[in-house]
Amino acid sequence: MSKRSDSAEAKHLWRGLSLAALATAATWGGNAAAQEAAANSEEVVVTGFRGSLAAAVDIKRNEVAAVDAIVAEDIAKFPDLNLSESIQRIPGVAITRSGGEGRQVSVRGLGPQFTRVRIDGMEALSTGGSTDAEGGTNRGRNFDFNIFASELFNNITVRKTASAEVEEGSLGATVDLRTARPFDYPGFTMAASGNVGYNDLSEKADERVAFLISNHDSTFGYLFSVAYSDRDTVEEGSSTVRWQNAGFGAASGTPDTLAQINAAFHPRIPRYDHYDGTQQRLGITGALQWRPSNATELSLDLLYGKLDSTRNESFLEAPVFSTSGASGIGGVTVTNDEIRNGTLVYGVFNGVDIRSEYRHDDLSTEYTQVGLTWRQDFSDHVRGEFFVGRAESDHKNPVQTTLLWDHNNINGYVYDYRGDSRNPLITYGGAPVTDPAFWTLTQIRLRPQFVDNTFTTAYGDLTFDATPSWTFRSGLNFKEYQFDSLELRRSNGTTANLESNVSGTPASTATSAYMQIVSLSGNGLNLPGGLVTSWAAPNIGTAAALWNLYDPSVFRLGPEPALGNDQNIVEDDIGGYVQAAWDLQMPIGTLRGNVGVRYVATNQESTGYSFTSGSPLRQTVRREYNDTLPSLNVVYAPIDDFFIRFAAAKVMTRPNLGQLNPGATVSVSGSNHTVTAGNPDLDPFRAKSYDLAFEYYFAPDALFSVALFYKDVDTFVQTVRTTGAFTGNSLGLPDSVAIAACGSQYPATCNPSLTDWQFSLPQNTPGGPVKGYEISLQYPLTFLPGILRNTGVIANYTHVESEIKYVDSAGVVQATDDLTGLSPESWNATVYYEDERLSARISGAYRSDYLTTIPGRNGNTSESTKSTLNVDFAGSYKFNDHFQLTLEGLNLTNESQDQFLSPDDRPSFYHVYGREVMLGLRYKY
């Protein structure tokens, strides 16, 4: 609202919300000034979206460390439908998306693996699955925010500088998520909401509902909330699975010679894609609070989240361009071509093998967390906080089934990337691709995936107020983290690849008995005329019923062909810290700050499979390392509303989980021949971090700030990729392992002597600096006349650059470039209007191109993702104190996900996800 309301409801509602936010900051940040502000604050009576901005400014202003916050604008109502999409409004934050929805966050150029997440004060990790192009099954330390409904949370705090009291593990930021508690609200509180949405690509309705009830008396309170959503998804586009050169067997009548054609880069698997799926998200929170006196508080927090989804992926493609040898690309003749800047952008070909590929996934992630917190004032000067809790994220992908239909040696095949490289023209020489009899079943892939992450945490902190100006704090913490990963494949008890074995019932079943027609809608795409937009594809549900596909006595599954994903990691971390904090009145202004040191010892146990004399051997590697992490945060205010912040610290992030596997996996998937190994002796990422910020609170609820940051990353972990023959590999793996992985493709298109094997090995490298600046403005324009005084703006801009040294397998620097996942530029802007009844805002979030892989695979210089600009709208109309109508529009510009390779902007993956509009009704009491 633009006016100050005198209603008791507004006063009590916002007082509870703002004080809860300040108390959260005080508890997690250990900030005496924030605690005092929470205790002494008068009733803040600004409500709605503007009120949430005011509370966020209060948190930032009263903290000693550099933080930014987002506070729910009302009961069980976060300002965005997705948590990560809310976090992207914070300066320096950029997000990655999966299926058009925010999934993971990067802070100040440091990717999701460097961002540590806590829920209700406890470190957590939620993981899910996605398409291969979007990262596949999450076996890293990246937190998947799309697991949770945003209605479950009422505060997010992003901590950008380190303090000794905050546990280690972040190079980028620590993100604190807080669920609601009963004493956050005044007495009995109830809220409910329902939304119906429509996506213009799926052309289906989506539902979303939420409910919260809370009550307390002077000593005891309870809270329960639940949120559920049901969503249908569709995405479409093209992909290439990268580009490579060489291999064609002949050229006839072409303007370029065969040598010139083979020197140019061509798409490995030119194709169009159609994905569709479903998604059901359920979230439940519960909280009990007991305050028998002002000196004692016990809180029990419960959180449950479940994300169930299905996904179907269909491709019409030509995989022959990614193969080698006379039975592969060596048997293809080029009859016409055009080369631009070393890229074969157009070609007409004979002898092309084509494929209809269909994949079905059933996925589920179940997250559970329980935490018990005891806060006690032992005296007027000594207080303590003690916590014990457990969190588990259990991801299951029990069905990941792919069926391949092939037809070999068609003539007159054409691909043409000249007009629009993201929407190429692809034709199949008149082949009847919609006729199931045209196709032959060639592969059955069964690849269930399972990932489980468990945290068990206990800590205790004591705080001693030595004087009104000096506070000392110390604490101990214990954390056990366990990671379990498993992938199953068709197996006879050995590492042999059985996916090409389609004998028996599958081979004798007519393809027409289990077929479907897949069609591109073309919505949001600029498809060229003449493109083949419909094709016959396997129907996996029908095939599964015909063949007893999921009966283990018929199709045996085992971990042997995918031992690289059968691993276990246990980390026991024991840490402690001491910290002094001060709040001093200086001759000019005030000086606040804290200085401290944290010590942590990490005991790591990595279990996986290696190969001895060609046979898999399960082994466990143990190691210990420790870190001493000093930190300093200082805030000087020469005048009341102008702050100068400085921070310095040593920080660390532990290596990604898959990189710690002591074993190696050898995999053949179609034309991809890969060897991926781990290294349990990797050192963590370590860096020295420095921050300098200037903040001017120039008007009520307003802020202008400039922040400079520099991180000297002196220990880095890089995945070194090489391509060559399997025979004589540096890992000492015998050729028999590769032959087993090749299966029926050996020796024609897959054998150890071919030079198309891709090796990926992690190793510690020198790293380099990451530096940049942020500019942020928050300004309610109350000085304007008339209704314009109800408007306001929020805007921020971040620039980041880095000079990371990328090396080859010999440790020789091959490139110095940006950190992967780093967008040099990002900005967010929101313009809003809010009066007593009407609220509306439109927001834009931009991030520039960023690297994903360097050096690139298959001879490409690098692999990257294009810039994105996402525009969203949110509005509401308040009928009275109880009912409110809401309208939200997501991805209004139908932004695409565009992955490409350098040089020459070669397309890798280009998909659109559609716009979504949601209409809803909220009730609160």
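Residues numbered from 1 in each chain as written. Predicted model: local features only at pLDDT ≥ 70, side-chain atom pairs only at ≥ 80, totals over all residues. Heavy atoms only, no water.

We now examine the overall build of the protein. Helices and strands together make up the secondary structure of the protein, namely eight helices and 48 strands. Against the compact-globule benchmark of 29 Å for 925 residues, the protein has a radius of gyration of 29 Å, which places it among compact chains. Once the C-alpha set of the protein is aligned to its principal axes, its extents read approximately 85 × 60 × 55 Å. By residue count, 61% of the 925 residues in the protein fall in the buried class. A fraction of 74% describes how many contacts in the protein between residues 6 or more apart in sequence connect residues 24 or more apart. (Helix = DSSP H or I, 4+ residues; strand = E, 2+ residues; numbered from the N terminus. Rg over C-alpha atoms; globule rule 2.2 N^0.38 Å. Buried < 20%, exposed > 50% of the residue type's maximum accessible area, 1.4 Å probe, protein only. Contact = heavy atoms within 4.5 Å.)

Summarising the element assignment, Ser848 is placed in the loop between β41 (838–847) and β42 (850–853). By relative accessible area, Ser848 is classed as buried at 8%.

With that out of the way, let us pick up empty space enclosed by the protein. The full count for this structure, using the stated rule, is 18 cavities of 30 Å³ or more. The computed volume of the second largest cavity comes to approximately 490 Å³. Looking at the lining of the second largest cavity, the elements that each hand over two or more residues are α3 (48–62), β1 (67–71), β36 (768–780), β37 (791–802), β40 (825–834), β41, β44 (868–878) and β45 (883–890). Per-element accounting of the lining of the second largest cavity gives the leading share, six residues, to α3. Partitioning the lining of the second largest cavity into residue classes produces 17 nonpolar, eight polar and seven charged. (1 Å grid on protein atoms, 1.4 Å probe; cavity = no way out; pocket = protein on both sides within 12 Å on 5 of 7 lines; lining within 4 Å. Points joined across faces, edges and corners; volume = space filled by probe spheres on them. Nonpolar A, V, L, I, M, F, W, Y, C, P; charged D, E, K, R; others polar.)

Let us now look at the state of the cysteines. What we call a disulfide is simply a covalent bond connecting the sulfur atoms of a pair of cysteines. Inspection of every chain in the model, using the stated rule, returns one disulfide. The disulfide partner of Cys742 is Cys750, and the gap between their sulfur atoms is 1.9 Å. Looking down the S-S bond of the Cys742 and Cys750 bridge, the torsion is -65°, so its handedness is left-handed. Judged by its relative accessible area of 1%, Cys742 falls in the buried class. Assessed through its relative accessible area of 0%, Cys750 is described here as buried. (Disulfide = S-S within 2.5 Å.)

The next point concerns the side chain of Arg208. Along the chain, the position of Arg208 falls in strand β9 (residues 204–216). Among the residues examined, Arg208 registers a relative accessible area of 7% and is labelled buried. A polar contact of 2.8 Å, which involves the side chain of Arg208, links it to the side chain of Glu151. (Polar contact = N/O pair within 3.5 Å; in protein donor to acceptor, adjacent residues only side chain to side chain.)

Attention now moves to the pattern of salt bridges. For the coordinates displayed, the defined rule picks out 62 salt bridges. In this structure, Arg355 and Asp406 form a salt bridge, with 2.7 Å as the shortest nitrogen-oxygen distance. Residue Arg355 is found in strand β17 (residues 343–377), and its partner Asp406 is found in strand β18 (residues 382–416); the two are separated by 51 residues along the sequence. Neither residue differs from the other here; Arg355 and Asp406 are each classed as buried. Notably, a salt bridge pairs Glu392 with Arg390, separated by 3.4 Å at the nearest N-O pair. Residues participating in the shared-partner salt-bridge network are Glu63, Arg116, Arg118, Glu123, Arg159, Glu167, Glu168, Asp176, Lys479, Asp573, Arg598 and Arg654. (Salt bridge = Lys/Arg side-chain N within 4 Å of Asp/Glu carboxyl O.)

Counting residues in each nonpolar core, the largest one holds 62 residues, and the members touching the most others are Ile119, Phe143, Phe145, Phe148 and Leu177. Looking at this core, the element that brings in the most residues is strand β34 (residues 703–724), giving four residues. Excluding residues within four positions of it along the chain, Ile119 makes contact with Ala124, Phe143, Phe148, Phe153, Leu177, Leu303, Tyr367 and Gln369. Listed in part, the 52 residues of the second largest apolar core include Leu344, Val352, Ile354 and Phe438. (Core = buried A, V, L, I, M, F, W, Y, C linked by side-chain atoms within 4.5 Å.)

For the rest of this paragraph, the subject is the environment of Trp757. Along the chain, Trp757 turns up in strand β35 (residues 757–765). With a relative accessible area of 0%, Trp757 lands in the buried category. Along the sequence, Trp757 and Tyr228 sit 529 residues apart, while their C-alpha atoms lie 45 Å from each other.

Attention now moves to the packing of aromatic side chains. In this description, a pair of aromatic rings is defined by centroid distance and the angle of the planes. Counted by the stated rule, this structure contains 39 aromatic pairs. Between Trp374 and Phe386, the aromatic rings sit 5.1 Å apart at their centres with planes inclined by 35°, giving tilted as the arrangement. Of this pair, Trp374 sits in strand β17 while Phe386 sits in strand β18, placing them 12 residues apart in sequence. Here the aromatic rings of Tyr415 and Tyr417 are separated by 5.5 Å at their centres, their planes lie at 70°, and the arrangement is edge-to-face. Residue Tyr415 is classed as buried on the basis of its relative accessible area, which comes to 0%. For Tyr417, a relative accessible area of 5% corresponds to the buried category. Among the aromatic residues, those joined into a cluster by ring pairs are Trp243, Phe248, Phe321, Phe349, Tyr413, Tyr415, Tyr417 and Tyr428. (Phe/Tyr/Trp six-rings, centres within 6.5 Å; stacked < 30°, edge-to-face > 60°.)

Take the confidence of the model for the protein next. Mean pLDDT over the protein stands at 91; residues scoring 70 or higher make up 94%. Within the model, pLDDT remains below 50 along residues 1–45, and this stretch shows 105 contacts once partners closer than five positions in the same chain are excluded. (pLDDT = per-residue confidence, 0-100.)

Together, Phe646, Tyr690, Leu692, Phe694, Tyr696, Phe704, Leu708, Tyr710, Tyr773 and Ile775 give the surface a local cluster of nonpolar side chains, amounting to about 820 Å² of exposed area. At the level of secondary structure, the elements contributing two or more residues to the nonpolar patch comprise β33 (685–696), β34 and β36. Among the elements that take part in the nonpolar patch, β33 stands out by supplying four residues, more than any other. With respect to the secondary-structure elements, Phe646 resides in strand β30 (residues 642–653). What makes Phe646 partly exposed here is its relative accessible area of 36%. (Patch = residues over 30% accessible without salt bridge, like charges linked within 9 Å, V, L, I, M, F, W, Y side chains within 5 Å. Areas by Shrake-Rupley, 256 points an atom, 1.4 Å probe, with all protein chains shown as cover.)

This part takes up helix α8 (residues 735–742). Turn by turn, an α-helix covers 3.6 residues, leaving residues three or four places apart pointing in a common direction. Val737, Ala738, Ala740, Ala741 and Cys742 are the residues of α8 that are buried. Downstream of α8 by one or two residues, Gly743 has phi in the positive range, about 60°.

Its place among the elements puts His266 in strand β13 (residues 265–267). Through-space distance from the C-alpha of His266 to that of Gln289 is 63 Å; in sequence the pair is 23 residues apart. Setting aside its immediate chain neighbours within four residues, His266 contacts Trp243, Gln244, Asn245, Ala246, Phe248, Phe321, Ile329, Leu344 and Tyr415. Of the polar contacts made by the side chain of His266, one reaches the backbone oxygen of Phe321; its length is 3.0 Å.

With that settled, the discussion passes to the pairing of strand β7 (residues 173–179). Two faces belong to every sheet, and in a regular strand the side chains alternate between them. The element β7 is largely enclosed, with a buried count of seven among its seven residues. Alternating residues of β7 divide into Ala173, Val175, Leu177 and Thr179 and Thr174, Asp176 and Arg178, and every residue in both groups is buried. One ladder, built from five bridges, connects strand β4 (residues 115–119) with β7; its direction is parallel. Considered in β7, the bridge of Arg116 is made with Thr174. Looking at chain direction, strand β6 (residues 153–159) and β7 are connected through six bridges and run antiparallel. Each bridged residue has a counterpart across the sheet, and for Thr157 the counterpart in β7 is Asp176. (Pairing = 2+ DSSP bridges.)

Attention shifts here to the environment of Gly347. Relative to the helices and strands, Gly347 is located in strand β17. Residues Gly347 and Asn397, spaced 50 residues apart in sequence, show a C-alpha to C-alpha distance of 39 Å. With residues near it in sequence (within four places) discarded, Gly347 still touches Asn336, Asp337, Tyr413, Val414 and Tyr415.

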